[in-house]
Amino acid sequence: MVLALQAILCYLPRLIWEAITFNRVGTNLGFLLESAREASKETGKERSNRVQFIANVMDTLLFARRDLRKLENGLKDQNFLNTILHTIQNLLPRKRLGTALVTYYMIIKSFYLLNAVGQLLLMERFLGVRGEYRLFGLSILGDLIMGRHWNETSVFPRVGFCRVPIKLTSTPIPMVTVQCTLPVNMLNEKIYVFLWFWFVFVASLEVASIGVWICRLAARQSRLRSLIRYLKVADVYEESMDPLLARFELTFLRMDGSFLLQMMRLNAGSLITQEILQAMLKRYTEQEQYAQKKRVERQPSGPKSVEMEKDGLLPDSPDCTVTKRLDVV
């Protein structure tokens, strides 16, 4: 019964993650990663079609999660209370800020860590260990190294009293009470020794994993270096691409997009990830050019525009922020 409860507790964070990805993210991330893994095994046109499909899904997903908020007026910006509230809101997981998916993922990893620690406390409570055996696994390991027999737990005694019939010709058959070993309890005890070390190992991995993901995604320069590294794998990186990559990461990819690319690299490999990145970057460049063209068309032309430019009413360089999505086949 206790083992069944522990199994349910181990599976609970996964159920929460699946519920979040389906209901809050808006797509099946498992299917996206599986598609990238399958694309890495293909060649030729089939590989290209799969790459374009994944790039299209990510393009649609990230574009739908862009920031739609309008700039607030100056009076509202000067309000100290509104500024504090706005800052607090930005710390919360919000898909419009491109941090929701990463935040949910880190919360789930924290759940796994808490689950591992909770399992250790649950086993300590269940086994009834006390004193020097509070660290159950380490104490047993120390006894084994020193050549001592470890103390038995109160739940799984190794020796008990059994009533055994004596084989005699008389009737009724007499019964005697003798001391006997309980091999099932010995097996259960060893199972819990293994589980103790396993959950310590899982908790250690979760702590290390959380630290690694924070280093990968917390700093924007780290995310930019990852993009550059992907492009260097394909030998298409040039230093002149740095401004484009900076805009791409800041206005479109953001933290959630970088997280998805990292997950694809870990699950499908760097080669397919850089192909998907190139396809997304090509789409972004075309959308950026389309947006810039529309801005130029809206600007007045002729002598009047020259006068407006002299008066400072027209910017020297148009803003290239993508405001409308251009479907690319």
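Calculation rules
- Residues numbered from 1 in each chain as written.
- Predicted model: local features only at pLDDT ≥ 70, side-chain atom pairs only at ≥ 80, totals over all residues.
- Heavy atoms only, no water.
- Disulfide = S-S within 2.5 Å.
- Helix = DSSP H or I, 4+ residues; strand = E, 2+ residues; numbered from the N terminus.
- Buried < 20%, exposed > 50% of the residue type's maximum accessible area, 1.4 Å probe, protein only.
- Salt bridge = Lys/Arg side-chain N within 4 Å of Asp/Glu carboxyl O.
- Axes fitted to C-alpha atoms, helices over the stretch in contact; angles between N-to-C directions.
- Parallel < 35°, antiparallel > 145°, perpendicular 65-115°, else oblique.
- Left-handed = near helix turned anticlockwise from the far one by under 90°.
- Nonpolar A, V, L, I, M, F, W, Y, C, P; charged D, E, K, R; others polar.
- Contact = heavy atoms within 4.5 Å.
- UniProt positions renumbered as here; feature names shortened; annotations may be inferred.
- 1 Å grid on protein atoms, 1.4 Å probe; cavity = no way out; pocket = protein on both sides within 12 Å on 5 of 7 lines; lining within 4 Å.
- Points joined across faces, edges and corners; volume = space filled by probe spheres on them.
- Core = buried A, V, L, I, M, F, W, Y, C linked by side-chain atoms within 4.5 Å.
- Arc of directions from axis to C-beta.

Enumeration according to the criterion identifies 1 disulfide in this entry. The disulfide partner of Cys162 is Cys180, and the gap between their sulfur atoms is 1.7 Å. Of this pair, Cys162 sits in strand S1 (residues 159–165) while Cys180 sits in strand S2 (residues 175–181), and the two are 18 residues apart along the sequence. Cys180 gets classed as buried once you look at its relative accessible area, which sits at 18%.

All right, on to the pattern of salt bridges then. Enumeration over the complete set of coordinates arrives at 7 salt bridges. Among the ionic pairs, Arg47 bridges to Glu275, the shortest N-O distance being 3.0 Å. With a gap of 228 residues between them, Arg47 in helix H3 (residues 44–64) and Glu275 in helix H11 (residues 270–298) connect regions that are remote in the sequence. Note on Arg47: relative accessible area 15%, which makes it buried. Measuring nitrogen to oxygen at the nearest pair gives 2.7 Å for the salt bridge that ties Arg223 to Glu249.

Interhelical geometry of helix H6 (residues 100–127) versus helix H8 (residues 183–217) gives an angle of 160° and a closest axis separation of 10 Å. Regarding the angle of H6 to H8, the classification is roughly antiparallel. The way H6 lies across H8 gives a crossing that is left-handed. Among the residues forming the contact of H6 with H8, the class breakdown is 22 nonpolar, 3 polar and 2 charged.

We now examine the environment of Leu138. Examined against the element boundaries, Leu138 turns out to sit in helix H7 (residues 136–146). For Leu138, a relative accessible area of 46% gives the class partly exposed. The sequence separation of Leu138 and Phe197 amounts to 59 residues, and the corresponding C-alpha distance is 8.5 Å. Setting aside residues no more than four positions away along its own chain, Leu138 makes contact with Trp196 and Phe197.

We now examine the UniProt feature "transmembrane region" (unreviewed entry) in the protein chain. Mapped onto this numbering, the UniProt entry annotates "transmembrane region" (unreviewed entry) at residues 102–121 and 191–219. As a span, residues 102–121 carries 100% helix and 0% strand, and end to end its C-alpha atoms are 29 Å apart. Split by type, residues 191–219 is 93% helix and 0% strand. Its first and last C-alpha atoms lie 43 Å apart.

Taken as a whole, the second largest pocket encloses approximately 490 Å³ of empty space. If you trace the second largest pocket, you find 20 residues lining it, with Arg14, Trp17, Gly30, Leu33 and Met263 closest to the centre. Looking at side-chain class alone, the lining of the second largest pocket contains 10 nonpolar, 4 polar and 6 charged residues.

We now examine the nonpolar core. In terms of nonpolar packing, the biggest core is built from 49 residues, with Met58, Phe248, Phe259, Ile276 and Met280 touching the most fellow members. Of all the elements in the fold, those that place two or more residues in this core are helix H1 (2–25), helix H2 (29–39), H3, H6, H8, helix H9 (220–233), helix H10 (242–268) and H11. Among all residues touching Met280, those that are not within four sequence positions of it are Ala55, Met58, Leu62, Phe248, Phe252 and Leu253. Ala116, Leu195, Trp196 and Val202 belong to the second largest nonpolar core, which has 14 residues in total.

Inspection of H2 places Leu29, Leu32, Leu33, Ser35, Ala36 and Ala39 among the buried residues, and these make up the whole buried set. Down the axis of H2, the buried set is contained in an arc of 155°. They therefore lie on one face.

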